[in-house]
Structure formats: structure tokens, C-alpha cells
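The chain contents come next:
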Amino acid sequence: MFWTVNPGWFYAALGGFFATVILHTVASRFAPKVPFSWIGMLTAGRVSGVLLLRIRDILVVLLRSLLIFLILLYPAKPFLYNGKPPAEIWVKDVPSATVRTIRETWGKFARVRFTPNPEPKGKVALVGSWSEVPSVEYEIWSPSFGWEIKDFSVSPEGIKVSIMNPGKGRWFHIRVEAQGRVVLIDSLYVEEGSNRTYSATLPLSGPVKMEVEGRTLYDYALKSHGRGRVVATGLDREVWEAAISTLGLDVVVGVDTVLSEEGSLNFLTDCDRLKEEGLNVVLAVVEFIFRDSGCVFLSGKPILLDRKGQVVGVEYGGKFYFGFYPAATGWAFTPEFLEFVPIFSRSVFKTYAEVGDTVRFPEPVEIRGITRVCCPEEFVPKVAGVYEIYRDGRMVGVVVANLRTSVSIPPAPKALWPYLIYAFLIILALEMAITFMPAIGRGR
């Protein structure tokens, strides 16, 4: 079916088409006519020639109207799509690679949002772990299993799991293992179309495995500290304080400043200030979810690349430098942020990943668990479970890998606006041929 990204321009194109026809018609009706009696003798018996001229004039008017229609249709951005396309795509808690795919395939046809819109303009597609739904027509691009685990957390004091059941009311069987033994077997009844949370107080430590109706989730009960320090203002400060509190991090972070502590994370877009630190940088546009001006590093040990593959984070002189603002580029709102940041904690860290994700470390480590590897700077878990991270024989963190929850993204619509220029040139050439060819013929 035929759709447009900007319907207002489509109606403007239709208005332009009919306005051009009307203007040509009115202009020809009110044009002054000068009678010449002798013309009748010349045109007598040439009715067919006059008819051809009238047909030509009508074609010229229609072609000129089409030219106006195509000019105004281009900003409307027409496309073809089987069914009703979403006007907005809401994305939440999905990998940046998925966000990138959505932006590349659908970014020209729908607006991608990372927060709910109380008054969406048209149909909405939901991607990720949304508990709220829009007030308009919507569709879900994440695969449906009939029910969904919305939240799962483990602490030394117990567990908590939230289950969304859109189908008929049913019992969900819960089984928890810790330290190689079963510590809990219970059930939770979730009514039709509701979301219920189950919690249990248990003394837990180390790897934890929970099964809910055959689905297995892994976590690690780690005593949190959250003793980090943040030197920042505004949204960046809120993001870091939330991460430190939630993940129990012990990090020192400076945004728009350079801290003196060894191992500190410093985020700056002032390239001259970074050069004063001894780094070779160039001014550039840094892109994650959003674009923002920043700095790309030409020296130092690379530890972070942006969406375009530019080095935007390095280790140098015992500190970590980043040439962008986490909130301004949207990096702070991606799952990769929660995977990347914990590895800089000065206490034992815990980071989450999905099977197939790449977890990068600032320096070589030893991986112990289902897989034992020494001594990579990046690690791709291929089996779900808990992996312990060691450095110099001391445990410094854990990587919790669960099975990937894939997102089903429909094929992109067929864009028509790139072809409008060719249609415009063809119609323009045809209009010129019809208009000037008779004149050329008479000139001969």
C-alpha cells in the first residue's frame, strides 16, 4: 500500500496538482481574444488539426501539473508497505546493535523513541521490555512466548522475579539453585493480563540459577558496595549515581573534568584539554544512539569504539579518557553501558551479557567457569551461565550470561522518493518535447 512519512506534504502535492490545472483553465478562459475574420478561411477544413492542438494543450497542462505534484511530493517521502506501518518505534533495554539495525532499516520511515510518548502520532511498534502500552494502535516486534519475565534480580538477601502473563491465568513454578543445591521450590499464580512479582528472603552467595516454567535464568549474589564518586552535573550525574547504586560499583567518574585519581573515568569533549594530558586527539562527531560533537583518539590504548568504529575511549597514564558525554550521545541508556562500566569498579564487579555479546576488559584477565580462558581482553560467552573473572590470581568480577532474547524486526518499507527525480526528469522532457516540437516543425 502507498504511504507517506509526512502526510501534510502529500495533501499539499494534491492541492498543487489541482491548483495548476485550475490556474491554466482560468487563465485560458479569461485571456483576451482578438477576432480576425480571415482566420476562418485559413482554418476551414482543418478541424482535425485544431483538435490535435487542443489535445496537446491538455497534455501540457497535465504534465505541468504532474511536475508540481512531484516537486511537493518529494518532502512527503512516499513509500510502499504491506499493511499499516508504525509512525513511532519505542525501544527499551535492547542491545545497541538492535537499535542500530532499527535506525538503519526504519529510521527514514518512523520516529525512534526511547521514552513513552503520551500522545503518539499514529501506530506504535514496541521493542524490548515495555510494561506500558500506548493509547493508540500498536504492535510488538519482540517475540512473544505467551508470557514474559519482566524483571529478575538476586542479592545476598534473596530473589525477586516479575512475570507478565497476557494469557489466561495460570500457575508458574519457580525453582532456585545456589551453591549446587536446591534452596527454593515454589509457585506463583498470575491472573490473566496482569503482572505479578514474586520475592523470597534467602541467604544467597555466589552463582544462582532460577528456573521458571522451563526457562532458566542465571545471576550472582554479590555483596554490593556502591562507594563510587561522581563529579558531574545534570543528567550525567543522575545516570552515574543510579549505575553506582544499582550495580554496587566503586568507580570514580568525572564528566567535563579530569580527575587526579588513578583508574578514574574522565569524559570530556574539550579536545584541547585532552591534548594537555598528552593525548593526540581530533575534533569529530561521536555517534552511539545520538550524535554529538566530541573527540576521537589517535593515541592511547583503545578501549571503546563508537557506532562508526572511531576510538572514543582509551587508557593512558593509569587513567581512562573518553571523548564524549554519555547522556548526550545516548550511550548511557544502552545495555552496553551496563556491561562496560562495571569492569572499571575497584571492588568485585558484576556485569550482565547475553550469549553472543562481546564483553571487553581494560586489561588481560583470566576467565573461569563453564569456559576457562587465559588471558583475553575481550570475551564472548557462548553458553549461558556465570563466569568468574580473575586478575593476578585474584577474583575481580563476574560475567552473568543469559540466553539472548532476539527481536523480530519486519522488512523495511520500499522507499519511493529516490525515484521521484527520475520521474520528474522524464515528465519534464516529455512536456518540453510536446511544447517545442511543433514550433520546430513550423520553423522548417
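Shown above is the structure to which this text applies.
Calculation criteria
Residues numbered from 1 in each chain as written. Predicted model: local features only at pLDDT ≥ 70, side-chain atom pairs only at ≥ 80, totals over all residues. Heavy atoms only, no water. Patch = residues over 30% accessible without salt bridge, like charges linked within 9 Å, V, L, I, M, F, W, Y side chains within 5 Å. Areas by Shrake-Rupley, 256 points an atom, 1.4 Å probe, with all protein chains shown as cover. Salt bridge = Lys/Arg side-chain N within 4 Å of Asp/Glu carboxyl O. Helix = DSSP H or I, 4+ residues; strand = E, 2+ residues; numbered from the N terminus. Buried < 20%, exposed > 50% of the residue type's maximum accessible area, 1.4 Å probe, protein only. Pairing = 2+ DSSP bridges. Right-handed = clockwise from strand over helix to strand, strands pointing away. Disulfide = S-S within 2.5 Å. Core = buried A, V, L, I, M, F, W, Y, C linked by side-chain atoms within 4.5 Å. Axes fitted to C-alpha atoms, helices over the stretch in contact; angles between N-to-C directions. Contact = heavy atoms within 4.5 Å. Phe/Tyr/Trp six-rings, centres within 6.5 Å; stacked < 30°, edge-to-face > 60°. Lys NZ or Arg CZ within 6 Å of the ring centre and 35° of its normal.

(A) Inspection of a nonpolar patch on the surface at higher detail. On the surface, Leu51, Leu52, Ile55, Ile58, Leu59 and Leu62 cluster together into a nonpolar patch covering about 560 Å² of accessible area. With respect to the element layout, Ile58 can be found in helix α3 (residues 47-73). A relative accessible area of 53% places Ile58 in the exposed class.

(B) Structural view of unusual backbone geometry. Here Cys374 and Cys375 are connected by a cis peptide whose omega angle stands at 0°. With respect to the helices, strands and loops of the structure, Cys375 is situated in the loop between β25 (373-374) and β26 (378-379). If you check the backbone angles, Gln179 has positive phi at about 55° while not being a glycine. When you line up the elements, Gln179 lands in the loop between β9 (170-178) and β10 (181-190). Classification of Gln179 as exposed rests on a relative accessible area of 53%.

(C) Highlighting the pairing of strand β15 (residues 252-255). Here β15 shows two buried faces, one formed by Val252 and Gly254 and the other by Val253 and Val255. In this structure, strand β14 (residues 229-231) lies alongside β15, joined through 3 bridges in parallel fashion. Bridge pairing in β15 links Arg229 to Val252. For the crossover that starts at β14, traverses helix α5 (residues 234-247) and ends in the parallel β15, the hand is left-handed. Two elements, β15 and strand β16 (residues 265-267), share 3 bridges in a ladder whose sense is parallel. If you follow Val255 over to β16, its bridge partner there is Phe267.

(D) Focus on the state of the cysteines. Going through the model one piece at a time under the given rule, you end up with 2 disulfides. For Cys271, the disulfide goes to Cys295, at an S-S distance of 2.1 Å. On the S-S bond that ties Cys271 to Cys295, the torsion sits near -110°, and the link is left-handed. A residue pair is termed long-range when its members are at least 10 positions apart, and Cys271 in helix α6 (residues 271-276) and Cys295 in strand β18 (residues 291-297) qualify at 24 residues. Judged by relative accessible area, Cys271 falls into the buried class, the value being 11%. The disulfide bridge from Cys374 ends at Cys375, spanning 1.8 Å between sulfur atoms.

(E) Main features of the nonpolar core. In this structure, Trp240, Phe267, Leu304, Phe322, Phe324, Trp331 and Phe361 are the most contacted members of the largest nonpolar core, which totals 41 residues. Counting residues in each nonpolar core, the second largest holds 29 residues, with Leu67, Ile102, Ile289 and Trp417 among its members.

(F) Molecular detail of the sheet that holds strand β3 (residues 88-92). Overall, parallel pairing links the 4 strands, which are arranged β4-β3-β5-β6 in an open sheet. Both outer strands of the open sheet, β4 (111-113) and β6 (138-140), are each paired with one neighbouring strand and no more. Neighbour to neighbour, the strand axes of the sheet diverge by 25° on average, direction disregarded. Here 5 bridges tie β3 to strand β5 (residues 124-128), and the two strands are oriented parallel to one another. Within β5, the position partnered with Trp90 by the bridge is Leu126. Sheet strands touched by helix α4 (residues 96-106): β3, β4 and β5. Its angle to β3, the strand with the most contacts, is close to 170°.

(G) Main features of the sheet that holds strand β11 (residues 194-201). The 3 strands are arranged β7-β8-β11 in an open sheet whose pairing can be described as antiparallel. Both edges of this open sheet fall to β7 (148-155) and β11, since each of them pairs with a single strand only. Pairs of neighbouring strands in the sheet enclose a mean axial angle of 10°, with direction left out of account. Note that β7 and strand β8 (residues 158-165) share 7 bridges and pair antiparallel. Counted as the bridge partner of Ser155 is Gly158 from β8.

(H) Main features of the packing of aromatic side chains. Inspection of every chain in the model, using the stated rule, returns 27 aromatic pairs. Centre to centre, the rings of Trp106 and Trp141 are 5.2 Å apart; their planes meet at 50°, and the pair counts as tilted. In this pair, Trp106 sits in helix α4 while Trp141 sits in the loop between β6 and β7, placing the two residues 35 residues apart along the sequence. Of the two residues, Trp106 and Trp141, neither departs from the other in class, the shared state being buried. Taking 5.5 Å as the distance between ring centres and 85° as the angle between the ring planes, the aromatic pair formed by Phe324 and Trp331 counts as edge-to-face. Residues Phe324 and Trp331 agree in their burial class; the two are buried. One aromatic cluster is present, built from ring pairs that chain together Trp240, Phe267, Phe288, Phe320, Phe322, Phe324, Trp331, Phe337, Phe340 and Phe344. A cation over an aromatic ring shows up here: Lys77 above the ring of Trp417, its NZ or CZ 5.6 Å from the ring centre. Its end group placed over the ring of Tyr390, Arg368 keeps NZ or CZ at 3.8 Å from the ring centre.

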